[in-house]
Amino acid sequence: MVGRCADYILQDKADCLKVFIHADMDFRARRIVEVYGEREQSPEERLRDKDKRRAAYHRFYTDMKWGYAQNYHLTLNSGVLGIDQCVKIIASLY
């Protein structure tokens, strides 16, 4: 399950691994331009708006802070590790 308040929905499930993958703004901005060709507004502005909406959605439905490390078993920085390495780390746990 990706997003959609999964950390809240699955908080009492013992048989799942809750992972939050994050990166700094520069990495994320470069990636949305490269992968999605994002050009209508500055990538940083788009990401800030999207993060704000995600946080508000999460807070509204869960009364928890979005992206808060304590809500997850594992957090990975894809900007440092790379996306492929994040996949390998997660896969190696199962």
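Residues numbered from 1 in each chain as written. Predicted model: local features only at pLDDT ≥ 70, side-chain atom pairs only at ≥ 80, totals over all residues. Heavy atoms only, no water.

1. Observations concerning the layout of surface pockets
The rolling of a water-molecule-sized probe over the atoms marks out the regions of remaining empty space.
Argument step 1. Size it by volume and the largest pocket reaches roughly 1500 Å³.
Argument step 2. Forming the boundary of the largest pocket are 38 residues, of which Val2, Phe20, Ile21, Arg54 and Trp66 lie nearest the centre.
Argument step 3. Residue assignment for the lining of the largest pocket shows that the elements contributing at least two residues are helix H1 (6–9), strand S1 (19–22), helix H2 (25–36), helix H3 (43–62) and helix H5 (83–92).
Argument step 4. Element by element, the count of residues in the lining of the largest pocket is highest for H3, at seven residues.
Argument step 5. When its residues are assigned to classes, the lining of the largest pocket shows 23 nonpolar, five polar and 10 charged. (1 Å grid on protein atoms, 1.4 Å probe; cavity = no way out; pocket = protein on both sides within 12 Å on 5 of 7 lines; lining within 4 Å. Points joined across faces, edges and corners; volume = space filled by probe spheres on them. Helix = DSSP H or I, 4+ residues; strand = E, 2+ residues; numbered from the N terminus. Nonpolar A, V, L, I, M, F, W, Y, C, P; charged D, E, K, R; others polar.)

2. Things to note about the pattern of salt bridges
Argument step 1. Counting across every chain of the model gives four salt bridges.
Argument step 2. Note that Lys13 is salt-bridged to Asp15, the shortest N-O span being 3.9 Å.
Argument step 3. Judged by relative accessible area, Asp15 falls into the exposed class, the value being 61%.
Argument step 4. With a shortest N-O distance of 3.6 Å, Arg54 and Asp51 are connected by a salt bridge. Linking Arg54 with Asp51, this pair stays in helix H3, spanning three residues, or about one helical turn.
Argument step 5. Take Arg54: its relative accessible area is 36%, and that puts it in the partly exposed class. (Salt bridge = Lys/Arg side-chain N within 4 Å of Asp/Glu carboxyl O. Buried < 20%, exposed > 50% of the residue type's maximum accessible area, 1.4 Å probe, protein only.)

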